[in-house]
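Descriptive structure summary
Spelled out, the chains give:
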Amino acid sequence: MFGFLRRKKTPAPDTSAPAAAPIVADAAAGTPPAAVPAPTAPEPAAPAPVAPSVAASAPAAPAPSADRWVGSPAPALTPAAPPAPPAPPAEPPAPPVRTGWMARLKQGLTKTRDNLAGLFVGARIDEALYEELETALLVSDAGVETTRHLLEQLKRRVKEQRLTDAAQVREALRALIVETLMALERPIDIDRATPLVVMISGVNGAGKTTSIGKLAHHLQREGKTILLAAGDTFRAAAREQLAEWGLRNGVQVVSQQGGDPAAVAFDAVSAGKARQTGVVIIDTAGRLPTQNHLMDELRKIHRVLGKAMDEAPHESLLVLDGNTGQNMLAQVKAFDDAVRLTGLVVTKLDGTAKGGALVALAHTRRERPIPVYFIGVGEGLDDLQAFSASEFASALLD
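The rules behind these values
Residues numbered from 1 in each chain as written. Predicted model: local features only at pLDDT ≥ 70, side-chain atom pairs only at ≥ 80, totals over all residues. Heavy atoms only, no water. Buried < 20%, exposed > 50% of the residue type's maximum accessible area, 1.4 Å probe, protein only. Helix = DSSP H or I, 4+ residues; strand = E, 2+ residues; numbered from the N terminus. Pairing = 2+ DSSP bridges. Right-handed = clockwise from strand over helix to strand, strands pointing away. Contact = heavy atoms within 4.5 Å. Core = buried A, V, L, I, M, F, W, Y, C linked by side-chain atoms within 4.5 Å. Phe/Tyr/Trp six-rings, centres within 6.5 Å; stacked < 30°, edge-to-face > 60°. Axes fitted to C-alpha atoms, helices over the stretch in contact; angles between N-to-C directions. Parallel < 35°, antiparallel > 145°, perpendicular 65-115°, else oblique. Left-handed = near helix turned anticlockwise from the far one by under 90°.

**Concerning the pairing of strand β5 (residues 315-321)**
- Among the 7 residues of β5, 7 are classified as buried, and the element is accordingly described as predominantly covered.
- Where burial is concerned, the two faces of β5 agree: the one with Glu315, Leu317, Val319 and Asp321 and the one with Ser316, Leu318 and Leu320 are both buried.
- Across 5 bridges, strand β1 (residues 196-202) lies against β5 in parallel orientation. Directly across from Met199, in β5, lies its bridge partner Ser316.
- Pairing analysis gives 5 bridges linking β5 to strand β6 (residues 343-347), with the strands arranged parallel. Within the sheet, the bridge partner assigned to Asp321 lies in β6 and is Thr347.
- For the crossover that starts at β5, traverses helix α12 (residues 327-339) and ends in the parallel β6, the hand is right-handed.

Below is the structure:
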């Protein structure tokens, strides 16, 4: 299990020294540093009027403990049993969040799972099972090529491992799907630049603006400061929606009515550099890959971002509607050709019967896989989570 954002940045070395006990001891009692090796073994000192419960275990009061300030009054404040050094604070546990997330993911993929998992209940391993499985994979929008590949590999694995139970065959299929999807599971490095410039694109209605709002919320949890840019300058509703998300997250939004989207993007990056903002997220207008003039505008925004900051945009993300099924493969190709995608966000997986399309995406783009950073199954802030191949395969078959 892992958190929402997996950070690649190497953590700073632990600079906390193991308690400077010798220095404190020297200043308070004049003893050599070796006389106080640890707070659990105090050296005897001259008797002092301490409480009976403190002096009962030793004829003399213990030397000052390592957690006292230099120059503190002597034995009267010495604790009878110095507490152990507190352990470093643990990171918030991820499993409870991911457990609730898994329930929502399984609920969202119920239609796809019913078509696949139900085939293995009390089934015999024969050609009829493979035919039904082929139909179910095609219905889930896994595609002909991916379905053929999965069935060939499954039959070979059943033969090599001599599987005789339907549950074993289901586990073998699950393992194959995980292996295929692993090409899409990759962390996003949110510490590679300051500001990290993220460009968001996609077709109309895919959920770009909502995904931006959720992403900003989770980035703030990681301690990042956020600046949003309303790159859809011609649709007032888009600017208002992004402004609402900015208000909810306490984030400033750079917008301009009827202006050049590339200029808005340039201004946002320039402001982010001046303020040392953690992440600048650029929203863009929804467009179909067949609208050449709009795709040219997207290329222009991409070029202008590179002029505003070297190597920007650091992340070029495409938001996909999970209900589009196989059509997402064509969208990925068109937008990748235009702005060289670095990652994907798949939304609206709740209630879809086309969960197999993600498996098709992983298989057909195995030569140059584009990672799926996040998937969404609802409107809630926590309904957008990091993609896990194992979790997704379990939601399809378990």
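Let us keep going from here.
**Points about helix α13 (residues 357-364)**
- A large share of α13 lies buried, amounting to 7 of its 8 residues.
- Every buried residue belonging to α13 is among Ala357, Leu358, Val359, Ala360, Leu361, Ala362 and His363, and all of these are buried.
- Buried positions along α13 lie against α6 (144-161), α7 (166-181), α12, β6 and α14 (389-397).

**Some details on the nonpolar core**
- Leu181 and Ile281 are the most contacted members of the largest nonpolar core, which has 100 residues in total.
- Residue contributions to this core peak at 8 residues, all from α7.
- Those residues in contact with Ile281, other than ones at most four positions away along the chain, are Val198, Ile200, Ile212, Leu215, Leu219, Ile226, Leu227, Leu228 and Ala229.

**Digging into the packing of aromatic side chains**
- Taken as a whole, this structure holds 2 aromatic pairs when the rule is applied.
- Here the aromatic rings of Tyr373 and Phe374 are separated by 6.2 Å at their centres, their planes lie at 55°, and the arrangement is tilted. With respect to class, Tyr373 is no different from Phe374; both count as buried.
- Here the aromatic rings of Phe387 and Phe392 are separated by 5.9 Å at their centres, their planes lie at 55°, and the arrangement is tilted.
- What makes Phe387 buried here is its relative accessible area of 0%.

**Section: unusual backbone geometry**
- At the junction of Thr194 and Pro195, the peptide bond is cis and its omega measures out at -5° in the coordinates.
- You can see Pro195 is positioned in the loop between α7 and β1.
- The amide bond that connects Ala312 to the next residue, Pro313, takes the cis arrangement and shows omega of -5°.
- Of note, Pro313 is situated in the loop between α11 (292-308) and β5.
- Although it is not a glycine, Arg162 adopts a positive phi angle of roughly 55°.
- Within the secondary structure layout, Arg162 lies in the loop between α6 and α7.
- Here the phi dihedral of Gln276 falls at roughly 55°; this positive angle occurs in a residue that is not glycine.
- Relative to the helices and strands, Gln276 is located in the loop between α10 (261-275) and β4 (279-283).

**Let's talk about the sheet that holds β6**
- Strand order in the open sheet formed by 8 strands is β3-β2-β4-β1-β5-β6-β7-β8, with mixed pairing between adjacent strands. Two strands lie at the open edges of the sheet, namely β3 (252-254) and β8 (384-386), each paired on one side alone. Across the sheet, the mean angle from the axis of one strand to that of its neighbour is 25°, orientation sign disregarded.
- Those strands touched by α11 are β1 and β4, and its axis lies near 180° from that of β1.

**Comments concerning the packing of α11 against α12**
- Their axes nearest at 9 Å, the elements α11 and α12 cross at an angle of 45°. One way to sum up the angle between α11 and α12 is to call them oblique. Relative to α12, the crossing made by α11 is right-handed. Here Met295, Leu298, Arg299 and His302 of α11 lie close against α12, whose contacting residues are Ala334, Phe335, Ala338 and Val339.

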